[in-house]
Every structure is written in C-alpha cells, then in structure tokens.
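In case you want the letters, here they are:
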Amino acid sequence: MSWGSELWDQFDNLEKHTQWGIEYLEKYTKFVKERSEIEFNYAKQIRNLSKKYQPKKNSREEEESKYSFCRAFLATLNELNDYAGQHEVIAENLMSQIITELARYTQELKTERKSHFHDGRKAQQHIESSWKQLESCKRKFERECKEAERANQHFERMDADINVTKADVEKARQQAQMRQQMATDSKNDYSSYLQKFNQEQNEHYFTIIPNIFQKLQDMEEKRIEKLGVCMKTFAEVNRQVLPIVGKCLDGMTKAAGSIEPKTDSKQVVESYKSGFEPPGDVEFEDYGQAMKRTASETSLSNSKEGKEKSASKSKGKLWPFIKNKNKLMSLLTSPHQPPPAPPASSLPSPSAVPNDPQSPKQHKEPLSNRLNDFMASKPKMHCLRSLRRGITLNSHVRNLIEGSGPEDFSHLPPEQRRKKLQGKLDDLNKDIQKEMDQRDALTKMKDVYIKNPQMGDPASVDPRLTEIGQNIEKLQLEAQKFEGWLAEVEERMPSKSDTQRRSVLYETQNNTTVGNNCAQDRESPDGSYTEEQNSETQVKATVNPASTTPDFDDEFDDEDSLPTIGTCKALYPFEGHNEGTIAMAEGEVLYVIEEDKGDGWTRVRRNQDEEGYVPTSYVEVFLETNAKDS
C-alpha cells in the first residue's frame, strides 16, 4: 500500500512518524555503543586478571616451569588472554561495522527527510496560495455582479422617471452597461482561475504529494531494512569470533590434559634430591656379655663417656637441622681415599710411623657411623628453638639446599650441586657458541673486505675479533673450571650398584652381630671400640622419615663441640683440596679431636668452627695424659 494514495491528508502525522523512526535508529545505535563499551571493559578486566596471575620474573618462575600443572595454568592464562582479545575484536567490529555506519546513515537520513518535507511544505504553500487567489477572484466576481445589478436598477429607475432628462438616462444606461461588462470580465477571470486551481489541486493531491510521500515511504523502508541488517551484523560479529573462542577453550582443555602427576612427582625428586646415602643399619649391642676392648680404645675413652651421658638424655637428633652446614658437609664428605704420602725428602716422625698409610687398613667407615659420631659430638643447634615455632623438616632442608653459597656450589648436597654445575656449564657452552658464531661472521666479513676493499677496511674488524677471542678464552677457562668441579662431584657420588652393595654389607654386619650374640669383641666398622652404640641407636631410631614433628629437648641449646684429646704439630704443609680436609702450614699447631682409626687420617681443629681431617703421616701427635691412660 502506498502512502501517497492512502495517506494524502496525513502530512503532519507522517512527519512525526518519520522523526520517531530516526530517533529509534539513534536509540539502537546507542545500544550497540554501550554493548561495545561492555566488551571493551570485559576484555580489559580479563587481560588484567591474566596478567595478575602470570608468574613473576624471579627465581621462583624457573622452579614453577618444571611442573606440568604450573605449565598448564600458564597456558590457560595465555589462552585466557587470547580469549580477551576476541572480545576486543567484537567491540572493534561493533564500532566499525555498526556504530560508525549507523551514525553516517542517520545523518544522511535526516538530510533526506528534511528535503522531502521541504518539498511537501512548498507544494502545500503553493496550493494554499492558489486557493487564496481563487477566493479573491470569486469575491471580485461577486462584487462586480452586485455593482452591475445596482447600476442596472438605477438605469431602470431613471428610464421610468419622466422628470429625468434624456442625458441622465443615457448616462445611467452607459453606467449599467459598463458594470455589466466588468461583471462579465470578473466572471471570466474567476472561471479561468477556478479551472487553473482545480488543475493545480488535482496535480497537488494526485501527483506532487504522492511522489513526496512515496519518497518518504522508501526512506522509511530503507531505514527499517538498514536496522535489520545492523541487527544481523550484530549477531554475526559475535558469531565470527566463536571459532577462535572455541580454540581458546580447546587450548585450555589441552593444557589441563597435559598435567602429568607422575612426572611432577619425579620432578620433586629431581629438585630436592641431595645425593647423600641413607644411614646404615644400627648394630645390635648385647650388654649382658663382658666386653673386651681393642687396642684402638685409648683414643676417645674419657671424652666418649662424657658424650654418652648427654647423648642418653637427648632425644632423637635429625641431622638435616644442624646449624653449621659446612660442618655437616665436611662430615658427610670426609675423605675415604688413602691420604697422600709425606714428601720424599723428609722422613716421618716416630709418632707418625704406627699410623702410616702402609700399615694395614680397616674397612672404610660407613656414612651412618660418621653421621652418628657427628650427632653424638653435640654441636650447638640454636635454631632448634625456632623449630618449635613451626619450622618443619622439609622447609629447613629446602633452605639448606637453596641458600646462597660459593661459586662452586659446595654448600649444596651432591646431587643439587651436580645439577647447578651442569646448568652453569651449559650456559657457558652456549655463550662460547655465540661468541664463536660472531667470530665466524666477522671473519667472513673481513674476507669480503679483503676481496672488495671498496666495501670496507679489513683492519676495522681486527679489534672486534681480538675482543671476541679474549672472551672465548675466558669463557673456555671458566668452563674448564666448572668441568673440573663437575667431574669431582660425579666421581664422589655413589652409583646405584655401590648403594646396593653397601645395603647388603650393612645387613650382613647386622646379622653377624646378632648371630654371634656379642661373643666377639664389639668394634666399630673402622676397627675402633666405642661405647656410643647405645646413644647412636637412640639417634638413628628417632630419624624416622614418617615423622615430621619430632620432639626436641632444651639440652640441644647447651651442647658443646667435640672436646680435644691433644695437640699435633704439622711436619709438612698440606693444602687440603678435598672436601672434609683442612689445610695446614708446616710447623702449625692444631688441636686433635679424633685420633687416627686406622684409615690414615686424623681429625683436628683450628678454631671453634674450622675443623677437618689431615694425613696422620703429616703431623706429630701429642695426646693428653688422661687420654693416654684411658
């Protein structure tokens, strides 16, 4: 149905309706704009959330990257960031494809509507003007007719009056004829203009106005169609990002599926494995039989009686909590290899002959006995009061492993030290390769300059080549240093076969001791007699891996270091490169805290915190009187 034929008389209502249509278009534009702002704000909040939980740039980030669940969460955050980007795409497309387009179209629509209604008002004014002119002609014709009628009546009265002269009658007749002619002319003008007005009116209501209304109708239909297209685009803009959003969600699902609990458990072992051997089995001690003392009994008799009392009162001591880590490392890595022979130019002192490395050696001392000896020596453990306030075994061991230390990482357990050295060595090799690549590139550039001097001066490359050569030399020396440390660590670390063999040895020793019912003399694994078996049993019995909250006694705070049993004088200088040893200068006097047990090493102390092993053949030992008597 056409507006022109059906709504020819609704000009004002159509004007209001089209104005409301434009306002509705502006209303929808505002709706899309607010939706776009919501998408922008949502994307911003999602990005901020993803950024907030991204791992910080510190040492902890490297630790987190080892575990699959941490990597999965990081991948989820990255996918979430991409997900936020898709909402930004929605906002941008809404802005460019709908909001901007509708704003431009609205302006065009307003201009077109204004033009159409301007033409309609102009046509309306014209027909109204014609109507007024027609009314004017009509009133003139009416007036002229009345004047002609009055003039004719006056002529008839004059003509009938015998008293009026003939001249007056002729004058009245002429006046009547003139008025009649004027009325006739007015009638003709009125008839002509009426015909013209009817034609204009017919054209106005059947041609001009219908055309204008048809244009308004077309404009309104285009506006409605445009609004429908924008609504469809609104849905398509959201639909276009669904595949990528789906990929983001698939990426999150894939990241969740990549979590490997078993692998993460193995990584915990790799991260915190110390490389130390577990303590061996505790030997059975039968106090019901008479005990025979061996010849090596005289070394620590009195001192061990004092230690036995405090050890019997103390509850279990867990070696990972020892405050002095260097002392612990020295104990656990004490030299098991034969000591070096004294310089050939000098003869050993008489006191060193009985303990010469050429004398028969006993079996190597197990790690567990060295651990027990160390624990029985009662080192001061001031940190145990803080342990009561919540420090656990795992956190203390982690602090022990992760603490800062020297360049060779000697403060770390063997396994962690090996990993650190290997990582440092890999980094150095990468740096060396980079420098070598730069050197090769500069060498090729120099060859090009030599062949084509116009391209550059070959001598300008030499300073850089020299600098790179020096860098490579420094890096190679550094790498050699770390390779030496790494080889030293790998040489000292026990293999799986050694661990299994020692386990069998411990079990054999334990069974032999129980089977003999202590019929033989009780000896420590290194051949020396000791009365600390009971205290050692108590110590090892409390080192239970399943217990993470052992009870500690206040006596830990009052424990002293191992007492001295004499002095010794260095006959030769000793550098003490190996772990567990201590360097000494020729003629230096040191305190003896543990006599040679047959392995060729004597344990000495320089000051309260510096102690270690020295070759027995390198020193002259002076034991105290009470130690000799006992």
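Refer to the preceding data block for the structure.
Residues numbered from 1 in each chain as written. Predicted model: local features only at pLDDT ≥ 70, side-chain atom pairs only at ≥ 80, totals over all residues. Heavy atoms only, no water.

Draft legend 1. Main features of the side chain of Lys597. As for its position among the elements, Lys597 is in the loop between strand E2 (589-594) and strand E3 (601-605). Within polar-contact distance, the side chain of Lys597 engages the side chain of Glu594 at 3.2 Å. (Helix = DSSP H or I, 4+ residues; strand = E, 2+ residues; numbered from the N terminus. Polar contact = N/O pair within 3.5 Å; in protein donor to acceptor, adjacent residues only side chain to side chain.)

Draft legend 2. Quick peek at the sheet that holds strand E4 (residues 611-615). Strand order in this open sheet of five strands is E4-E3-E2-E1-E5, and the pairing throughout is antiparallel. Of all the strands in the sheet, just E4 and strand E5 (619-623) have a single pairing partner and so form its edges. Across the sheet, the axes of successive neighbouring strands diverge by a mean angle of 40 degrees, strand direction being ignored. For strand E1 (residues 566-570) and E2, the ladder comprises four bridges, and the chain directions are antiparallel. In the strand pairing of E2, Thr567 is matched with Tyr591. (Pairing = 2+ DSSP bridges. Axes fitted to C-alpha atoms, helices over the stretch in contact; angles between N-to-C directions.)

Draft legend 3. Representation of a nonpolar patch on the surface. A cluster of nonpolar residues, Leu49, Tyr53 and Phe73, forms a patch on the protein surface that exposes about 290 Å² of accessible area. By secondary structure assignment, the location of Phe73 is in helix H4 (residues 68-160). (Patch = residues over 30% accessible without salt bridge, like charges linked within 9 Å, V, L, I, M, F, W, Y side chains within 5 Å. Areas by Shrake-Rupley, 256 points an atom, 1.4 Å probe, with all protein chains shown as cover. Salt bridge = Lys/Arg side-chain N within 4 Å of Asp/Glu carboxyl O.)

Draft legend 4. Geometry of the nonpolar core. If you look at the biggest cluster of nonpolar residues, it comprises 33 residues, and the most contacted ones within it are Tyr28, Val32, Leu94, Ile98, Phe213 and Leu216. No other element matches the eleven residues that H4 contributes to this core. In this view, Leu94 contacts Val32, Arg35, Ser36, Ile99, Phe234 and Val237; residues no more than four positions away in its chain are not counted. (Core = buried A, V, L, I, M, F, W, Y, C linked by side-chain atoms within 4.5 Å. Buried < 20%, exposed > 50% of the residue type's maximum accessible area, 1.4 Å probe, protein only. Contact = heavy atoms within 4.5 Å.)

Draft legend 5. Representation of the packing of aromatic side chains. This model, assessed by the stated rule, comprises twelve aromatic pairs. Measuring from ring centre to ring centre gives 5.2 Å for Trp131 and Phe197, while their planes differ by 45 degrees; the resulting arrangement is tilted. Taken together, the residues Trp131 in helix H4 and Phe197 in helix H5 (residues 166-240) connect sequence positions 66 residues apart. The class of Trp131 is partly exposed, set by a relative accessible area of 43%. Overall, the relative accessible area of 3% leaves Phe197 in the buried class. Ring geometry for Phe482 against Trp485: centres 5.2 Å apart, planes inclined by 85 degrees, an arrangement best described as edge-to-face. Of this pair, Phe482 and Trp485 both sit in helix H14 (residues 462-492), three residues apart, roughly one helical turn. Within the aromatic cluster, the residues linked to one another by ring pairs are Tyr572, Phe574, Trp601 and Tyr618. (Phe/Tyr/Trp six-rings, centres within 6.5 Å; stacked < 30°, edge-to-face > 60°.)

Draft legend 6. Main features of the pairing of E4. In terms of burial, E4 is a largely internal element, five of the five residues being buried. Bridging between E3 and E4 involves five bridges; their strand directions are antiparallel. Note on E4: the bridge partner recorded for Arg603 is Tyr613.

Draft legend 7. Focus on H5. Helix length check: H5, at 75 residues, gives a terminal C-alpha distance of 107 Å against a target of 111 Å (1.5 Å per residue), a fit within 8%. Residue His204 marks the point of greatest curvature in H5, where the axis turns by about 45 degrees. (Expected span 1.5 Å × (residues − 1). Bend = angle between axes of the 7 residues up to and from the residue.)

Draft legend 8. Local environment of a negative patch on the surface. There is a patch of like negative charges on the surface, built from Glu62, Asp426, Asp427 and Asp431. Of the residues forming the negative patch, the biggest block, three residues, is contributed by helix H13 (residues 414-451). Take Asp426: it is sitting in helix H13. Of the residues examined, Asp426 reaches a relative accessible area of 34% and is grouped as partly exposed. (Lys, Arg positive; Asp, Glu negative; His and termini not counted. Charge placed at Lys NZ, Arg CZ, Asp CG, Glu CD.)

Draft legend 9. Structural view of helix H7 (residues 261-272). Compared with the 16 Å implied by 1.5 Å per residue over twelve residues, the 17 Å span of H7 between its first and last C-alpha is a close match. For H7, the full list of buried residues reads Asp264, Gln267 and Ser271. Considered in projection along H7, the buried side chains sweep an arc of 55 degrees and stay on one side of the axis. Exposed residues lying more than 90 degrees from the buried face of H7 are Lys262 and Lys266. (Arc of directions from axis to C-beta.)

Functional significance is not addressed by these values, which are geometric in nature.
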